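Below, each chain spelled out in residue letters.
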Amino acid sequence: MAEFFSTYGSLIVSMVLGALLGLSLYLPLMTGQLSLASPGFYALGGYIAAILSTKVFTSTSNLFPIHLLLLEILIAGFVSGILGAAVGIPALRLRGIYLAIATIAFVEVLRVLALNLDITGGAVGIFGIPQPFQSQIEYLWIALPLLLISMVLFYRLERVRVGRAFTAIREDELAAGAMGINPTYYKVLAFTLGAILAGIVGAISAHFLNTWNARQGTFDASIIYLTFVLIGGSRTFLGSVVGGMVFTALPEILRGIADSGIFPNWLGWLAQFLRDGRLIIFGLLIVIGTIFFPQGLVTPEIFKMGKVRK
């Protein structure tokens, strides 16, 4: 068992973090908003944690204090939430593809700033981020409770007034407004909550990866996170959790298949494609999934099948 966790500990933690990132993108989608801003807030949270841990919260001990990590998480979530509200108020006046383009532009602005600021380390980034744990699998002590708490909160959110307002706006914004629901308020709220969650995950990931640079928040990452939700399921939070875990592990599975030696020499191009073509594969999955599974693989109806009909 120890050998298993030593070999796959990094992947397991990455799957949990992927599920959390899927949830951060699912929140705006609850109100029908195709926002691709999560990588930007994810990168912002990571930079906040990286800068604080290397330049402000310096420690002489071998392991970075857990209470300082938790403080970084709170600061990253707070700053991401403030920026999310500031960006969301004007951006969420847009709809559909126009909102997607605006949020992609936001991610690119943050990436260019990170590339050109000295405090972020420029193109090189920030290295040597201190570790709060002796092994990577121990990051589950932070990531797994955060995922479980988030899942409980999402479960409750889908059943209370705020969550139902989100759903009403997604189904028909005009009808929701006619019933007294303020679409702008709830869309900004969902966008801000998603930004907070993405910033928190970024703060944890900065320590987990031990380095942070502008490649963490790119358009490529937006496509990957979008795959988590669209293929996993955009009508229930469990779809984002399942999609985040499965599609975080998928590149490693494909790489393992490519390196297994089952392909003859004349199929070497296929093995190389499985190693390096994950974005193409994810793009194909989005196209195929939206055609054959428009609500994703995990839908609310799945959980109703097991109920006894009265």
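Just above, that's the structure.
Residues numbered from 1 in each chain as written. Predicted model: local features only at pLDDT ≥ 70, side-chain atom pairs only at ≥ 80, totals over all residues. Heavy atoms only, no water.

Peer 1: Account for the nonpolar core, with residues named and values stated.
Peer 2: One finds Leu17, Ile204, Trp212 and Tyr225 to be the most contacted residues of the largest nonpolar core, which totals 87 residues. Counting residues per element, this core draws most heavily on helix 8 (residues 183–209), at 13 residues. (Core = buried A, V, L, I, M, F, W, Y, C linked by side-chain atoms within 4.5 Å. Buried < 20%, exposed > 50% of the residue type's maximum accessible area, 1.4 Å probe, protein only. Helix = DSSP H or I, 4+ residues; strand = E, 2+ residues; numbered from the N terminus.)

Peer 1: Explain helix 5 (residues 140–157) residue by residue, including any values.
Peer 2: With 18 residues, helix 5 should reach 26 Å at 1.5 Å per residue; the first-to-last C-alpha distance of 24 Å fits that figure. Taken together, the buried positions of helix 5 are occupied by Leu140, Ile142, Ala143, Leu146, Leu147, Ser150, Phe154 and Leu157. Each buried residue of helix 5 sits inside an arc of 160 degrees when the element is viewed along its axis, so together they form one side. Structural note: helix 5 exposes Trp141, Ile149 and Val152 on the side pointing more than 90 degrees away from its buried face. (Expected span 1.5 Å × (residues − 1). Arc of directions from axis to C-beta.)

Peer 1: So, a nonpolar patch on the surface: which residues are in play, and what are the values?
Peer 2: On the surface, Trp269, Phe273, Ile280, Leu284, Val287, Ile288, Ile291, Phe292, Phe293 and Leu297 cluster together to form a nonpolar patch covering roughly 1,100 Å² of accessible area. Among the secondary structure elements, those contributing two or more residues to the nonpolar patch are helix 11 (268–276) and helix 12 (278–292). No other element matches helix 12, which puts six residues into the nonpolar patch. (Patch = residues over 30% accessible without salt bridge, like charges linked within 9 Å, V, L, I, M, F, W, Y side chains within 5 Å. Areas by Shrake-Rupley, 256 points an atom, 1.4 Å probe, with all protein chains shown as cover. Salt bridge = Lys/Arg side-chain N within 4 Å of Asp/Glu carboxyl O.)

Peer 1: Please provide a residue-by-residue account of unusual backbone geometry, values included.
Peer 2: The phi torsion at Asn210 lies on the positive side, around 70 degrees, for a residue other than glycine. Along the polypeptide, Asn210 turns up in the loop between helix 8 and strand 2 (211–212). Take Asn210: its relative accessible area is 34%, and that puts it in the partly exposed class.

Peer 1: Before we move on, can you summarise the packing of helix 9 (residues 219–232) against helix 12 with the specific residues and values?
Peer 2: The packing of two helices is summarised by the inter-axis angle and the distance between the axes. Close contact between helix 9 and helix 12 brings their axes to 10 Å; oriented N to C, the two are set at 35 degrees. For the crossing formed where helix 9 meets helix 12, the hand is left-handed. Contact with helix 9, carried on its side by Asp220, Ile223, Ile224, Thr227, Leu230 and Ile231, involves Arg278, Leu279, Phe282, Leu285, Ile286 and Gly289 of helix 12 and no other residues of that element. Class assignment of the residues belonging to the contact of helix 9 with helix 12 gives a composition of eight nonpolar, two polar and two charged. (Axes fitted to C-alpha atoms, helices over the stretch in contact; angles between N-to-C directions. Left-handed = near helix turned anticlockwise from the far one by under 90°. Contact = heavy atoms within 4.5 Å. Nonpolar A, V, L, I, M, F, W, Y, C, P; charged D, E, K, R; others polar.)

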